[in-house]
Number of protein chains: 2
Amino acid sequence: MEKVTIKQLAKELNLSASTISRALQDSHQISPETKQKVLELATVRNFVPNYHASGLRKKTSKTIAVVIPEVADSYFAQAINGIEAVAQEHGLHVLIYLTHESFLKEQAILKEFQNGRVDGVLLSITAETAHNQHIRELLGRGMPLVLFDRVCNDIAAPKITTNDYESSYWATRHLIDGGCKQIALLSASSSLVMSANRLEGYKKALEEQESSFQGATVITCAQSEADTYFLIKNLLSDPQRPDGIIATVEKQATTVYQVCQELHLNIPQEVKVLAFSNLQSASFLNPSLTTITQPAFDMGKAAATSLCKALKRKNQPISHDTQVLPSVLHVRKSTC
Amino acid sequence: MEKVTIKQLAKELNLSASTISRALQDSHQISPETKQKVLELATVRNFVPNYHASGLRKKTSKTIAVVIPEVADSYFAQAINGIEAVAQEHGLHVLIYLTHESFLKEQAILKEFQNGRVDGVLLSITAETAHNQHIRELLGRGMPLVLFDRVCNDIAAPKITTNDYESSYWATRHLIDGGCKQIALLSASSSLVMSANRLEGYKKALEEQESSFQGATVITCAQSEADTYFLIKNLLSDPQRPDGIIATVEKQATTVYQVCQELHLNIPQEVKVLAFSNLQSASFLNPSLTTITQPAFDMGKAAATSLCKALKRKNQPISHDTQVLPSVLHVRKSTC
């Protein structure tokens with residue numbers, strides 16, 4: 001069916017366009033009889049208000065942006081499902097932007113949000129993001145913002161995280177209890193708060209051990225997949241290679257399995273492997289993978305719920321509390 | 001920095017708002033001197049044209065919608081990456097809508113697109129979508145549309161698919177050559193063209209076999225994960241259970257592995273398993289999983305490229321050809 005415009009409705013009813021427009025907005029300036037006449041014809045003619053016209057009038061786009069490093073990762077895919085569930089409930093549309101871990105891309109994307117395209121932003125920063133002037137500018141323009149998973153501590157916005165420090169501590173303890181003497185941590189970034197917390201938990205667990213224990217081995221693989229492969233291959237080819245590995249990013253785990261296969265290293269006999277991962281096939285890997293599983297869906301839901309609250313109370317102070325949702329250690333064969 | 005409006009620029013330059021607006025649109029009605037003055041001040045004051053105002057003026061939103069069954073699936077996650085790569089190149093924003101395999105949701109989502117929010121749509125239909133009146137209506141309103149992966153043959157729009165018939169034929173042949181006498185096909189839908197093609201390829205390979213071969217066993221698991229689990233458990237608990245399984249959807253493969261583990265059925269000795277899957281961990285499953293891998297990223301790119309072409313030639317006839325990108329059979333231990 002052809003779309004009908006306000007002008008066409010006006011002509012057909014012999015009224016002015018502004019009368020039609022006001023009648024559709026239920027203005028008190030228009031009589032009940034006229035309103036009814038206009039509404040009836042609008043229904044019959046299948047009138048749909050133009051998105052941009054209502055956007056201009058109401059100063060809202062009913063759209064939120066989700067800015068994340070990538071989508072081909074079980075954590076973010078599940079988080080999107082959580083976000084989308086809340087957005088649909090509130091009649092909000094979801095724009096997805098992928099930074100592919102590029103700080104420059106993140107800056108450029110956030111700059112796009114100053115023109116009314118979105119009402120609010122959910123952000124999980126890149127592994128490269130060491131400065132946050134671009135995020136401050138967005139907030140300075142009054143844009144409601146919620147950070148999730150990869151947050152910046154010094155930004156005054158609600159934050160949804162998981163217990164990275166504790167999870168990493170327990171992961172390391174689990175490997176120590178299993179007899180590991182030299183545990184390596186594969187980090188995602190030298191700047192992310194999330195990575196720093198996972199590093200601190202790991203160090204704390206190591207420090208609690210007696211002196212016979214080897215020092216910390218931390219490898220940062222924020223770069224390309226090829227670089228990550230190279231770093232892990234180097235690590236495991238060394239005669240002094242670790243007997244335990246904690247991968248703090250899902251993709252690193254697959255690379256560790258690949259390298260172990262290539263070097264004929266037996267998991268868990270020669271190297272125990274544990275990963276922060278939401279991979280649904282973790283139980284069916286060879287061997288099944290011990291994971292720290294984040295509450296991805298619930299974190300997405302919590303972030304979107306917090307943003308919806310901020311949208312409703314625009315221009316009012318909102319709580320900048322951090323909500324911490326606990327992760328779970330699933331022990332499987334890769335560490336036993 | 002505070003956002004500046006056209007009115008504020010007008011006041012500061014002692015010009016009318018409409019002069020400012022026309023100067024910013026490079027109208028021939030405004031003198032070069034005035035234009036320069038306006039542009040300089042607009043730059044200094046960090047003026048950003050309102051998204052909805054330019055949307056109304058230009059009748060474009062620079063936004064495309066991607067409507068897919070779900071995001072927590074390697075195929076769709078990789079396809080989104082392909083779509084996003086092309087969109088970013090063309091300065092387009094990407095709205096993601098998840099139908100979660102619900103026909104009603106798909107109908108409701110497509111109805112939202114009639115008000116100018118998006119310039120074009122990329123669609124992969126649900127397993128439930130047996131009718132396509134809602135897609136015809138969208139096209140009838142002049143909305144550029146490209147179907148990908150899960151397409152409808154009788155819709156006059158460009159389509160991007162993979163060689164489902166051939167892939168399924170070769171998958172079945174591979175199991176027959178491996179000695180399977182009773183091969184079951186786990187289908188995704190009784191209405192999808194994609195599923196019908198995979199079924200036909202499977203049947204064709206079976207028909208080519210001598211009479212000693214068992215008949216076809218086709219199980220449709222379009223329902224919930226719990227239903228899928230129940231159907232597969234039933235199938236494999238039967239004393240007359242199949243000795244080969246083709247999962248036509250990624251998630252079914254994980255469920256088959258789970259059920260085999262529970263029933264202590266050895267893969268591949270007792271049941272050979274092959275799946276249509278883009279799972280990056282396929283090589284590291286226990287046993288490694290033989291897959292038909294779809295060119296997900298390239299299909300996403302091709303679909304977005306085709307849509308961009310349609311957007312550029314709006315109101316001109318566009319080709320409704322189907323582009324078929326071939327899938328690849330990766331033989332691994334689950335069938336050897």
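Because the structure is predicted, anything quoted here is derived from the model rather than measured.

### Some remarks on the interface of chain B and chain A
Between chain B and chain A, the residue contacts involve 48 residues of the former and 49 residues of the latter. Buried area between chain B and chain A, both sides added, is near 4500 Å², and the carbon and sulfur share of it is 57%. Linking chain B with chain A are zero salt bridges. Contributions of two or more residues to the side of chain B that touches chain A are made by helix H4 (51-58), helix H5 (74-89), strand S2 (93-98) and helix H11 (250-262) of chain B. Considered class by class, the residues forming the side of chain B that touches chain A number 19 nonpolar, 21 polar and eight charged.

### Let's talk about the relation of the copies chain B and chain A
Least-squares fitting of chain B to chain A yields an RMSD of 0.1 Å, with the superposition described by an axial translation of 0.1 Å and a rotation of 180 degrees. With respect to symmetry, the two chain copies, as superposed, fit the operation of a two-fold axis. A shared interface surface links the copies, since 100% of the contact residues of chain B are contact residues in chain A too.

### Here we look at the sheet that holds strand S7 (residues 217-220) of chain B
All names here are of chain B. Strand order in this open sheet of six strands is S7-S6-S8-S9-S10-S12, and the pairing throughout is mixed. A strand with exactly one partner marks an edge of an open sheet, and here the two such strands are S7 and strand S12 (328-330). Sheet twist, expressed as the mean angle between neighbouring strand axes with direction ignored, is 15 degrees. Where strand S8 (residues 244-247) and strand S9 (residues 272-276) come together, four bridges link them in parallel fashion. Residue pairing across strands places Gly244 opposite Lys272, the latter belonging to S9. Lying on the sheet, H11 is in contact with strand S6 (183-187), S8 and S9; it crosses S9 at an angle near 155 degrees.

### Here we look at the nonpolar core
Ranked by internal contacts, the top residues of the largest apolar core, which has 57 residues, are Leu122(A), Phe148(A), Ile64(B), Leu122(B) and Phe148(B). Apart from residues lying up to four places away in sequence, Phe148(A) is in contact with Ile68(A), Tyr75(A), Phe76(A), Ala79(A), Ile83(A), Leu122(A), Leu123(A), Ser124(A), Ile160(A) and Ala303(A). Counting residues in hydrophobic clusters, the runner-up holds 48 residues, among them Leu265(A), Ala247(B), Val271(B) and Ala275(B).

### Let's talk about the packing of aromatic side chains
Evaluation of the coordinates by the stated rule reveals 10 aromatic pairs over all chains. Look at Tyr257(A) and Phe284(B): their rings are 6.4 Å apart centre to centre, the planes differ by 70 degrees, and that puts the pair in the edge-to-face class. Here Tyr257(A) is found in helix H11 (residues 250-262), whereas its partner Phe284(B) is found in the loop between S9 and strand S10 (290-293) on a different chain. Seen from their ring centres, Tyr169(B) and Trp170(B) are 5.2 Å apart, and the 80 degrees between their planes marks the pair as edge-to-face.

### Observations regarding the pairing of strand S1 (residues 63-68) of chain B
Residues and elements named next belong to chain B. By the criterion of burial, S1 is predominantly enclosed, with six of the six residues buried. Taking every second residue as pointing to the same face, both faces of S1 are buried, with Thr63, Ala65 and Val67 on one and Ile64, Val66 and Ile68 on the other. Relative to S2, S1 is paired through six bridges, and the arrangement is parallel. Note that in S2 the partner of Ala65 across the bridge is Leu95.

### Quick look at the environment of His90(B)
All names here are of chain B. By the element assignment, His90 lies in the loop between H5 and S2. Separated by 240 residues in the primary sequence, His90 and His330 have C-alpha atoms spaced 34 Å apart. The residues contacting His90, other than those within four sequence positions of it, are Lys62, Cys308 and Lys312. A polar side-chain atom of His90 sits 3.0 Å from the main-chain carbonyl oxygen of Val86.

### A look at the packing of helix H1 (residues 6-13) of chain A against helix H3 (residues 32-44) of chain A
Residue and element names in this part refer to chain A. Direction vectors running N to C along H1 and H3 enclose 120 degrees, while the axes themselves pass 11 Å from each other. One way to sum up the angle between H1 and H3 is to call them oblique. Our pair here, H1 against H3, has a crossing hand that is right-handed. In this structure, H1 uses Leu9, Glu12 and Leu13 to contact H3, whose residues at the interface are Lys37, Val38, Leu41 and Ala42.

### A short note on the sheet that holds strand S7 (residues 217-220) of chain A
All names here are of chain A. With mixed pairing, the six strands of this open sheet are ordered in space as S7-S6-S8-S9-S10-S12. The open sheet has two free edges, formed respectively by S7 and strand S12 (328-330), since each of these has just one partner strand. For this sheet the average axis-to-axis angle between neighbouring strands, irrespective of direction, equals 15 degrees. Packed onto the sheet, helix H9 (residues 193-207) meets strand S6 (183-187), S7, strand S8 (244-247) and strand S9 (272-276) and runs at close to 175 degrees relative to S6.

### Structural notes on the pairing of S6(B)
All names here are of chain B. A large share of S6 lies buried, amounting to five of its five residues. Because side chains alternate across S6, one face comprises the buried residues Ile183, Leu185 and Ser187, and the other comprises Ala184 and Leu186, equally buried. Sheet analysis places S6 next to S8, joined by four bridges and oriented parallel. Its bridge partner being in S8, Leu186 is matched across the sheet by Ala247. Here four bridges tie S6 to S7, and the two strands are oriented parallel to one another. By the bridge assignment, Ser187 is partnered in S7 with Thr220.

Procedures and definitions
Residues numbered from 1 in each chain as written. Chains lettered and ligands numbered in written order. Predicted model: local features only at pLDDT ≥ 70, side-chain atom pairs only at ≥ 80, totals over all residues. Heavy atoms only, no water. Contact = heavy atoms within 4.5 Å. Buried area = accessible area lost by both parts, 1.4 Å probe. Salt bridge = Lys/Arg side-chain N within 4 Å of Asp/Glu carboxyl O. Helix = DSSP H or I, 4+ residues; strand = E, 2+ residues; numbered from the N terminus. Nonpolar A, V, L, I, M, F, W, Y, C, P; charged D, E, K, R; others polar. Least-squares fit on C-alpha atoms with pLDDT ≥ 70 in both. Pairing = 2+ DSSP bridges. Axes fitted to C-alpha atoms, helices over the stretch in contact; angles between N-to-C directions. Core = buried A, V, L, I, M, F, W, Y, C linked by side-chain atoms within 4.5 Å. Buried < 20%, exposed > 50% of the residue type's maximum accessible area, 1.4 Å probe, protein only. Phe/Tyr/Trp six-rings, centres within 6.5 Å; stacked < 30°, edge-to-face > 60°. Polar contact = N/O pair within 3.5 Å; in protein donor to acceptor, adjacent residues only side chain to side chain. Parallel < 35°, antiparallel > 145°, perpendicular 65-115°, else oblique. Left-handed = near helix turned anticlockwise from the far one by under 90°.

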